[in-house]
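Structural overview
Given next are the chains, with one letter for each unit.
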Amino acid sequence: MSNGTTTSGLTFDIRLSPRRRTPQEREAILENPGFGRVFTDHMVTIRYSTEKGWYDARLEPYGPLSLDPATSVLHYAQEIFEGLKAYRHPDGTLACFRPEANAARFNRSAARMAMPDLPEDLFLGAIETLLAHDGDWVPTRADTSLYLRPFMISTDVGLGVNNPSGTYLFVLIASPSGAYFSGGVKPVTVWLCEDYTRAARGGTGAAKFGGNYAASFLAQSQAVEQGCDQVVWLDAVEHRWVEEMGGMNLFFVFGSGENARLLTPELTGTLLPGITRDSLLKLAPELGLPVEEGRISTDQWREAATSGELTEVFACGTAAVITPVSHVKSGEGQFRIGDGTPGPITMRLREELVGLQYGTRPDNHGWVRRFDR
Ligand SMILES: *Cc1c(COP(=O)(O)O)cnc(C)c1O
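Thresholds, definitions, all that
Residues numbered from 1 in each chain as written. Predicted model: local features only at pLDDT ≥ 70, side-chain atom pairs only at ≥ 80, totals over all residues. Heavy atoms only, no water. UniProt positions renumbered as here; feature names shortened; annotations may be inferred. Domains from an automatic or database assignment. Contact = heavy atoms within 4.5 Å. Buried area = accessible area lost by both parts, 1.4 Å probe. Salt bridge = Lys/Arg side-chain N within 4 Å of Asp/Glu carboxyl O. Polar contact = N/O pair within 3.5 Å; in protein donor to acceptor, adjacent residues only side chain to side chain. Helix = DSSP H or I, 4+ residues; strand = E, 2+ residues; numbered from the N terminus. Core = buried A, V, L, I, M, F, W, Y, C linked by side-chain atoms within 4.5 Å. Buried < 20%, exposed > 50% of the residue type's maximum accessible area, 1.4 Å probe, protein only. Expected span 1.5 Å × (residues − 1). Phe/Tyr/Trp six-rings, centres within 6.5 Å; stacked < 30°, edge-to-face > 60°. Lys NZ or Arg CZ within 6 Å of the ring centre and 35° of its normal. Near = heavy atom within 4 Å. Areas by Shrake-Rupley, 256 points an atom, 1.4 Å probe, with all protein chains shown as cover. Nonpolar A, V, L, I, M, F, W, Y, C, P; charged D, E, K, R; others polar.

By the naming in an unreviewed UniProt entry, the protein is Branched-chain-amino-acid aminotransferase, taken from Thermobifida halotolerans. Its UniProt record gives the protein a comment under Sequence similarities (unreviewed entry), which states: "Belongs to the class-IV pyridoxal-phosphate-dependent aminotransferase family."

As structure tokens, this is what we get:
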């Protein structure tokens, strides 16, 4: 056992795995990692109790967690997570894109779920510690990366439901990933979901909270039954204002060339405030594309697509970066966006974002954080 970096007065204990995969085994896995299927040799864990605060920070072998069956998270779902990626830059160094923004959102999610704040330097320290030991798992090919999944669960044992837990466990795991939707930039067909809602005002929609996903699977299955790839969520009150697509935010492109402008649904408290969304709100105007946060209804969407005023629609998020939407289906029928192929603005913004993340474009915003080893 040796000691790692000190953060927030905490030192990460380093407990190396006796079962580390050999470089040959690792390279074989990295040939075709898929998404979220395989994990690196280690994970980071940090414990919390009301009396001690955060304590017992470690790097340890990746493996099962042992939980009492009465552990609070298994019954009352106090769980939050984040998703970000480590990219390999051309000079070999490892970098994350705006990890401070993930740390901040993690704490906003924690606050909503009555969970403790995790200091930013511990969140970043966990990433640094994991990358220092498992950095060779960051793949090198185009469009590949190491997906980082930090999460926090409540660990009090007992079925009393009146109070939030007094103890928590933070875990960081990492999974090498290829392109998210296999086959690169493949347009998706979406289903406008009028039967179920993802989030209502005052609810948990703006938190990256596991339960939001549990509540979405039925609608996602309905979308698939309808021959669609993804579900589009509408507002909970009128079921007509577009919110987001599955686990990604949406952008609408009106007009083309010099006259193109963008619209993205405004943050009403029911949408997840994506970091990719936020980055595009800043990048697009710099590329001469005015962008507005506002509202768009399903009727407006259909009419603008039919008249040709709406030229492109895409979804954005960390996992799949930017994914074009080609067809829209609902109880009222189906319509197409543009000619159904990825549009020029969609592809231009994707290139810009990917260039920043992979270090092939200059970072003028201070968004790239390098984790040198
Ligand atoms: C994570 C997530 C997003 C996208 O957020 P990014 O920070 O851009 O990855 C959008 N919607 C939902 C529901 C999400 O969980």
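Turning to the domain arrangement of the protein, a few remarks are in order. The domains assigned to the protein are domain 1 (2–177) and domain 2 (188–357). Distance from the C-alpha centre of domain 1 to the C-alpha centre of domain 2: 29 Å. Contacts between the two partners involve 21 residues from domain 1 and, on the opposite side, 21 residues from domain 2. Contact with domain 2 buries surface across domain 1, with F81, F97 and R105 losing the most and accounting together for 33% of the total. For R98, the salt bridge goes to D278, with nearest N and O atoms at 2.9 Å. There are 11 residue pairs in polar contact (both at pLDDT 80 or more) connecting domain 1 and domain 2. Within the residue set of the side of domain 1 that touches domain 2, elements represented by two or more residues are β5 (79–81), β6 (84–88) and α3 (99–112). The leading source of residues in the side of domain 1 that touches domain 2 is α3, at 6 residues.

The next subject is the nonpolar core. The tendency in soluble globular proteins is for nonpolar side chains to be buried side by side. In this structure, I46, W54, I127, L148 and F170 are the most contacted members of the largest nonpolar core, which totals 40 residues. Looking at this core, the element that brings in the most residues is helix α4 (residues 120–134), giving 7 residues. Here I46 is in contact with L10, F12, W54, Y55, D56, A57, L122, Y168, L169 and F170, once residues within four sequence places are set aside. Residues V188, A305, A320 and I337 belong to the second largest nonpolar core, which totals 24 residues.

On to α4, then. The periodicity of an α-helix, 3.6 residues per turn, causes residues three or four positions apart to be oriented the same way. Taking 1.5 Å of rise per residue, the 15 residues of α4 would be expected to cover 21 Å, and the 21 Å separating its terminal C-alpha atoms lies within 8% of that figure. By the burial criterion, the buried members of α4 are L122, F123, L124, G125, A126, I127, T129, L130, L131 and D134.

This next bit is on the environment of T7. Structurally, T7 is set in strand β1 (residues 2–7). Along the backbone, T7 and T167 are 160 residues apart, and their C-alpha atoms lie at a distance of 20 Å. Residue contacts for T7: discarding those within four places in its chain leaves F12, D121, L122 and G125.

With that out of the way, let us pick up the packing of aromatic side chains. Considering all chains together, one arrives at 13 aromatic pairs under this definition. Centre to centre, the rings of F39 and Y62 are 5.2 Å apart; their planes meet at 5°, and the pair counts as stacked. Linking F39 in the loop between α1 (23–31) and β3 (42–49) with Y62 in the loop between β4 (53–61) and α2 (72–76), this pair joins segments that are 23 residues apart in sequence. The ring of Y55 is capped by K52, whose NZ or CZ atom sits 4.0 Å from the centre of that ring. Here R295 stacks its cationic end above the ring of W241, 3.7 Å away from the centre of that ring.

On to the site of the ligand, then. Contacts to the ligand come from 15 residues, most closely from R105, K208, E244, T276 and T318. In this structure, an oxygen atom belonging to the ligand sits 2.8 Å away from a side-chain N or O atom of R105. Protein coverage of the free-state accessible area of the ligand, which is 380 Å², stands at 96%. Among the secondary structure elements, those contributing two or more residues to the shell around the ligand are β13 (248–254) and α7 (275–286). Residue composition of the shell around the ligand, by class: 4 nonpolar, 7 polar and 4 charged.

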